[in-house]
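# Residue-level structural notes
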Amino acid sequence: MSVTNLIRVRPQWQQELAQSITDPVELAQQLELPQGWVEQHLSARKLFPLRVTQYFVDQMERGNTADPLLLQVMPQADEFTQQAGFVTDPLEEQDNEHPGILHKYKSRVLVILRGGCAINCRYCFRRHFPYEDHHFGRAQLHQLIALIEADANINEVILSGGDPLMANDQQLDTVLTALEQLPQLKRIRIHSRLPVVLPSRLTHELAKRLQQSRLQAILVLHANHANEITQALMNALKVWADAGITLLNQSVLLAQINDDAITLAELSEALFAAGVLPYYLHQLDKVAGASHFSISDEKARNLEQQLRAMLPGFLVPKLVREVAGEASKTPL
Ligand SMILES: *Cc1c(COP(=O)(O)O)cnc(C)c1O
Ligand code: SF4
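Throughout this description, residue numbers start from 1 for each chain and increase along the sequence as written. For naming, the first written chain is A and the first written ligand is 1, with later ones following in the order written. Local features in this predicted model are restricted to residues whose pLDDT is 70 or higher, and side-chain atom pairs enter the listing and the counts only when it is 80 or higher, whereas totals over whole chains, interfaces and linings include all residues. With hydrogens and water excluded, all non-hydrogen atoms of the structure serve as input to the side-chain values.

## As for the site of ligand 2
Selection criterion: Nearness is judged by heavy atoms alone; a residue qualifies as near a molecule or strand once a single heavy atom is within 4 Å of it. Following the grouping adopted for this structure description, the nonpolar residues are Ala, Val, Leu, Ile, Met, Phe, Trp, Tyr, Cys and Pro, the charged ones are Asp, Glu, Lys and Arg, and the polar ones are all others, Gly among them.
Near ligand 2, the surroundings consist of Cys117, Ile119, Cys121, Cys124, Gly162, Arg193 and His222. Counted by class, the shell around ligand 2 contains 4 nonpolar, 2 polar and 1 charged residues.

Here it is, written out as C-alpha cells:
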C-alpha cells in the first residue's frame, strides 16, 4: 500500500489527534487571550507539556482566562507551588510487580493499556507517572491472562491509562478477543476521556464490536463541566447507547472549575441528557503541581449535600477519594 493510501484510510479521529495543540502561545492566540497572562505561565509547560485537541479548544470561550475548559489544560505558574502532602506518586503505583497491570481491588483488575492521552489535564494524578515502563504488549497480555486465570475472584477487566482509547480498534479487538476466552469474566470496562475531547473516537465499528461481545461493556467517561457535553458528543454517544453499552461518568472536583453546586448540578443534568449517569466525583489526588486545584473535604461534603437537595438521587455522583492500599475507593 502506498503512503497516500495509508493516510487516506487513517480514521478521522487519528487525523484529528495528529493536529492536537501543544504550544501555549498558539492556544492563547486562537483564544485571543491577553499576552501578559500567557507569558507569566509559560515556564510551567516544562513540568508537564500542554496537550489539547482542537475540538476541545473549540468549546472554550474567546478572551476568557477563567474558562473552565481552558483551566483544565493551560500550564499555570501555580504548578511550581510546593505544598506539604502533594507528592509525585500519590497512589503509590510506581513500584508495581507487573508493569501495566494494577490489581488492587478484589474482583477487578485495571490495565494501563496506553500511556498517552489526547489531552494533558493539569490536575492529572499520573502527571509524573513513568509511562514508558508501562507499554502493554503481547507479553503483558499473556501476563494479564495468567493473573486472571490464577484468581477466580476476578470477573471484570478495566482498560485504563493514560487513555485506552488511544489504542486503535484492531488493538482493542485483540485484547477483547483474548479476554472473551476467559469464562470467569463478566464485564469489560473502558475508562476514557477521549470521547469528551474527541467525539469522533466513538467509532461505530468499536460500538458494534462491543455489542457483539459476550462480555457486558461499560464506558466510563471523564467530564468535569457541562460545557464538555456538546451536541457532537451526544450524537456519538447515542450510537454507543443504542449498542447496549452502559454509559457512566467520573469527574474530579476542581477549584475554580466545578467547585460549586450549580455547576455540578448542570453537569449531572447535561450528562443524563446525553444518556450518561454520574458515577464518581473524586476528591483530587494529592499530586505535586496540582495543589491549586484542591478544595477542602469539608467543602466537598457540603457540595454533595447541596447536590442531594437539588437533584434526584440517581444524578448525585458518589463522592470518593482514592487511598493508597485501600480495597476500594473510599467515600468521603
Ligand atoms: C478506581 C479503580 C478501580 C475501579 O474501581 P470501581 O470502584 O470498581 O470503579 C479498579 N482498580 C483500580 C486500581 C482503581 O484505581
Ligand atoms: S485524561 Fe485522565 S489520565 Fe489522561 S491526562 Fe487527563 S486525567 Fe490524566
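## Remarks on the pairing of strand β3 (residues 156-161)
Inclusion rule: We call a residue buried when its accessible area falls under 20% of the maximum for its residue type, exposed when it is over 50%, and partly exposed in between, using a 1.4 Å probe and counting protein chains only. Put simply, DSSP marks the helices as runs of H or I at least four residues long and the strands as runs of E at least two long, and each gets a number from the N terminus on. In this description, strands pair whenever DSSP reports at least two bridges between them. Orient the strands so they point away from the viewer, and a crossover whose first-strand-to-second-strand path over the helix runs clockwise is right-handed.
Within β3, 6 of the 6 residues are buried, which leaves it mostly tucked inside the rest of the structure. Across the two faces of β3 the burial is the same, with Glu156, Ile158 and Ser160 and Val157, Leu159 and Gly161 all buried. Here strand β2 (residues 108-114) pairs with β3 via 6 bridges, running parallel. Bridge pairing links Val109 to Val157 in β3. Summarising the sheet, β3 and strand β4 (residues 187-191) pair through 4 bridges and their orientation is parallel. Its bridge partner being in β4, Leu159 is matched across the sheet by Ile190. Crossover connection from β3 via helix α8 (residues 169-180) to parallel β4: handedness right-handed.

## Notes on the pairing of strand β7 (residues 277-282)
Along any regular strand, the residues point their side chains to alternate faces of the sheet. β7 sits mainly inside the fold: 5 of its 6 residues count as buried. Across 5 bridges, strand β6 (residues 246-252) lies against β7 in parallel orientation. Residue pairing across strands places Val252 opposite His282, the latter belonging to β7. In this region the chain leaves β6, passes through helix α12 (residues 261-273) and returns to the parallel neighbour β7; the handedness of that crossover is right-handed. Taking the sense of rotation as the criterion, the β-α-β connection linking β7, helix α13 (residues 297-310) and strand β8 (residues 318-321) turns out right-handed.

## Focus on the packing of α12 against α13
This is how it is decided: Every axis in this analysis is a line fitted to C-alpha atoms, fitted for helices over the stretch in contact. Angles between the N-to-C directions lie between 0 and 180 degrees. Roughly parallel covers angles under 35 degrees, roughly antiparallel covers those over 145, roughly perpendicular covers 65 to 115, and oblique covers all other angles. Two helices crossing with the near one rotated counterclockwise from the far one by less than a right angle form a left-handed crossing, whereas a clockwise rotation gives a right-handed crossing. Throughout, a contact is declared for two residues whenever any of their heavy atoms are within 4.5 Å.
Orientation of α12 relative to α13, taken along the N-to-C sense of each, is 55 degrees, at an axis distance of 9 Å. One finds that α12 runs oblique with respect to α13. In the crossing of α12 with α13, the sense of the turn from one axis to the other is right-handed. Between α12 and α13, the contacting residues are Ala261, Ile262, Leu264 and Ala265 on the first element and Leu303, Gln306, Leu307 and Met310 on the second. Looking at the contact of α12 with α13 residue by residue, the classes come out as 7 nonpolar, 1 polar and no charged.

## Focus: the site of ligand 1
Applicable threshold: Residues adjacent in sequence count toward polar contacts only when both atoms are side-chain atoms; beyond that, a polar contact is any pair of N or O atoms within 3.5 Å, and within protein one must be able to donate a hydrogen and the other to accept it. For every accessible area listed, the method is Shrake-Rupley and the probe measures 1.4 Å; residues are considered covered only by the protein chains on display.
Neighbouring residues of ligand 1: Lys104, Tyr105, Arg108, Leu110, Ile158, Arg189, Tyr279, Tyr280, Glu322 and Lys329. The contact in question runs from an oxygen atom of ligand 1 to an N or O atom on the side chain of Tyr280, over 2.6 Å. One of the side-chain N or O atoms of Lys329 is found 3.0 Å from an oxygen atom in ligand 1. Considering ligand 1 on its own, with 390 Å² of exposed area, one finds that the protein chains cover 94% of that surface. Elements represented by at least two residues in the shell around ligand 1 include exactly β2 and β7. Split by residue class, the shell around ligand 1 holds 5 nonpolar, no polar and 5 charged.

## Focus on helix α7 (residues 138-149)
Condition: A helix is expected to span 1.5 Å multiplied by its residue count minus one. Taking the helix axis as origin, the arc is that swept by the directions to the C-beta atoms.
With 12 residues, α7 ought to run about 16 Å at 1.5 Å a step, and its terminal C-alpha atoms sit 17 Å apart, in line with that. By the burial criterion, the buried members of α7 are Gln140, Leu141, Leu144, Ile145, Leu147 and Ile148. All buried residues of α7 lie within an arc of 165 degrees about the axis, which places them on one face of the element. Turned more than 90 degrees from where α7 packs its buried face, Arg138, Ala139, His142 and Glu149 sit exposed. Packing partners of the buried residues in α7 comprise β1 (101-102), β2, β3 and α8.

Keep in mind these values describe shape, not function.
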